[in-house]
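Analysis of the macromolecular model
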Amino acid sequence: MLLIKCPWCGSRAETEFSCGGEADISRPVEPASLSDEAWADYLFMRKNTRGWHRELWNHSQGCRQWFVVERNTVTYQVAGSSKLVSPATPTLQDNESRAD
Ligand SMILES: [Zn+2]
(Lines give C-alpha, C1' and ligand atoms only; values in the text may rest on other atoms or scores of the structure.)
Protein backbone atom coordinates (compact mmCIF):
# COMPACT_ATOMS: atom_id res chain seq x y z
CA MET A 1 0.00 0.00 0.00
CA LEU A 2 1.22 3.49 -0.86
CA LEU A 3 1.63 6.18 1.76
CA ILE A 4 0.65 9.47 0.13
CA LYS A 5 1.19 12.89 1.65
CA CYS A 6 -1.77 15.21 1.16
CA PRO A 7 -0.43 18.82 1.21
CA TRP A 8 -3.29 19.79 3.58
CA CYS A 9 -3.73 16.69 5.81
CA GLY A 10 -0.34 14.97 5.87
CA SER A 11 0.52 11.34 5.14
CA ARG A 12 -2.37 8.94 4.74
CA ALA A 13 -2.99 5.46 3.33
CA GLU A 14 -3.57 5.10 -0.40
CA THR A 15 -7.15 3.93 0.26
CA GLU A 16 -8.15 7.51 1.18
CA PHE A 17 -7.26 8.80 -2.29
CA SER A 18 -8.38 8.56 -5.91
CA CYS A 19 -5.91 8.82 -8.76
CA GLY A 20 -6.80 11.29 -11.51
CA GLY A 21 -4.17 10.23 -14.01
CA GLU A 22 -1.28 12.04 -15.61
CA ALA A 23 -0.61 15.61 -14.46
CA ASP A 24 0.48 18.59 -16.55
CA ILE A 25 -1.91 18.04 -19.45
CA SER A 26 -2.79 21.41 -20.90
CA ARG A 27 -6.31 21.99 -22.20
CA PRO A 28 -6.28 23.42 -25.73
CA VAL A 29 -6.92 27.17 -25.76
CA GLU A 30 -9.44 26.88 -28.61
CA PRO A 31 -10.89 23.35 -28.55
CA ALA A 32 -13.43 24.11 -31.29
CA SER A 33 -10.60 24.77 -33.73
CA LEU A 34 -9.03 21.32 -33.28
CA SER A 35 -9.49 18.46 -35.69
CA ASP A 36 -11.28 15.38 -34.39
CA GLU A 37 -7.93 13.56 -34.31
CA ALA A 38 -6.24 16.32 -32.25
CA TRP A 39 -9.22 16.47 -29.85
CA ALA A 40 -9.18 12.68 -29.40
CA ASP A 41 -5.43 12.86 -28.79
CA TYR A 42 -5.97 15.46 -26.02
CA LEU A 43 -8.80 13.45 -24.42
CA PHE A 44 -7.43 9.92 -24.57
CA MET A 45 -3.72 9.69 -25.30
CA ARG A 46 -1.36 9.56 -22.31
CA LYS A 47 2.38 8.93 -21.98
CA ASN A 48 2.16 5.82 -19.74
CA THR A 49 5.61 6.59 -18.39
CA ARG A 50 7.85 3.85 -17.01
CA GLY A 51 9.67 5.31 -13.98
CA TRP A 52 9.19 8.72 -12.42
CA HIS A 53 6.06 10.52 -13.38
CA ARG A 54 3.69 13.21 -12.11
CA GLU A 55 0.03 12.45 -11.57
CA LEU A 56 -3.06 14.07 -10.08
CA TRP A 57 -4.55 12.67 -6.89
CA ASN A 58 -7.69 13.59 -4.97
CA HIS A 59 -8.02 13.14 -1.21
CA SER A 60 -11.53 11.78 -1.73
CA GLN A 61 -11.91 10.34 1.81
CA GLY A 62 -10.48 13.46 3.46
CA CYS A 63 -10.29 17.12 2.46
CA ARG A 64 -11.32 16.40 -1.18
CA GLN A 65 -8.50 18.58 -2.56
CA TRP A 66 -6.66 17.80 -5.82
CA PHE A 67 -2.85 17.84 -5.80
CA VAL A 68 0.17 16.49 -7.67
CA VAL A 69 2.18 13.43 -6.63
CA GLU A 70 5.50 12.43 -8.15
CA ARG A 71 5.57 8.64 -8.17
CA ASN A 72 7.74 5.94 -9.66
CA THR A 73 5.53 3.60 -11.68
CA VAL A 74 8.06 0.76 -11.40
CA THR A 75 8.96 0.87 -7.69
CA TYR A 76 5.81 2.67 -6.41
CA GLN A 77 8.10 5.03 -4.45
CA VAL A 78 6.53 8.44 -3.84
CA ALA A 79 9.00 11.35 -4.03
CA GLY A 80 6.67 14.10 -2.90
CA SER A 81 3.44 15.99 -3.38
CA SER A 82 2.43 19.56 -4.05
CA LYS A 83 -0.60 21.81 -4.23
CA LEU A 84 -1.94 22.78 -7.64
CA VAL A 85 -0.49 26.29 -7.76
CA SER A 86 -0.46 26.18 -11.53
CA PRO A 87 -1.10 23.01 -13.53
CA ALA A 88 2.06 23.62 -15.54
CA THR A 89 4.45 24.50 -12.70
CA PRO A 90 3.55 22.97 -9.31
CA THR A 91 6.41 22.88 -6.82
CA LEU A 92 7.17 19.76 -4.83
CA GLN A 93 7.05 20.37 -1.08
CA ASP A 94 9.17 17.52 0.11
CA ASN A 95 11.62 16.22 -2.43
CA GLU A 96 13.35 13.20 -1.03
CA SER A 97 16.46 11.78 -2.58
CA ARG A 98 15.60 9.35 -5.28
CA ALA A 99 17.38 7.18 -7.76
CA ASP A 100 16.26 7.28 -11.37
ZN1 LIG B 1 -6.30 16.03 2.43
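The structure displayed is predicted, hence computed values, not measured ones.

1. A closer look at the sheet that holds strand β5 (residues 66-72)
Overall, antiparallel pairing links the four strands, which are arranged β3-β4-β5-β6 in an open sheet. Both edges of this open sheet fall to β3 (18-22) and β6 (78-83), since each of them pairs with a single strand only. Put simply, the sheet's adjacent strands are angled 30° from each other on average, direction ignored. Examined bridge by bridge, β3 and strand β4 (residues 52-58) share four bridges and lie antiparallel to one another. From the neighbouring strand, Cys-19 faces β4, where its bridge partner is Trp-57.

2. Section: the pairing of strand β2 (residues 10-13)
Bridge count between strand β1 (residues 3-6) and β2: four bridges; the pairing is antiparallel. If you follow Lys-5 over to β2, its bridge partner there is Ser-11.

3. Description of the nonpolar core
Among the nonpolar cores identified, the biggest contains eight residues, and these are Ile-4, Cys-6, Ala-23, Trp-57, Phe-67, Val-68, Val-69 and Val-78. Elements that contribute at least two residues to this core include exactly β1 and β5. If one sorts the elements of this core by residue count, β5 sits on top with three residues. With residues near it in sequence (within four places) discarded, Trp-57 still touches Ile-4, Phe-17, Cys-19, Gly-20, Phe-67 and Val-69.

4. Comments concerning unusual backbone geometry
Most peptide bonds take the trans form, and the phi angle of most residues other than glycine is negative. Its identity is not glycine, yet Arg-64 carries a phi of approximately 65°, on the positive side. Considering the arrangement of structural elements, one finds Arg-64 in the loop between β4 and β5. Arg-64 gets classed as exposed once you count the C-beta atoms within 10 Å, which come to 10. The phi dihedral of Tyr-76 is positive, around 65°, even though this residue is not glycine. In this structure, Tyr-76 sits in the loop between β5 and β6. Since 10 C-beta atoms lie within 10 Å of it, Tyr-76 is described here as exposed.

Rules used throughout
- Residues numbered from 1 in each chain as written.
- Predicted model: local features only at pLDDT ≥ 70, side-chain atom pairs only at ≥ 80, totals over all residues.
- Pairing = 2+ DSSP bridges.
- Helix = DSSP H or I, 4+ residues; strand = E, 2+ residues; numbered from the N terminus.
- Axes fitted to C-alpha atoms, helices over the stretch in contact; angles between N-to-C directions.
- Core = buried A, V, L, I, M, F, W, Y, C linked by C-beta atoms within 7 Å.
- Buried ≥ 20, exposed ≤ 12 C-beta atoms within 10 Å, placed from the backbone.
- Contact = placed C-beta atoms within 7 Å.

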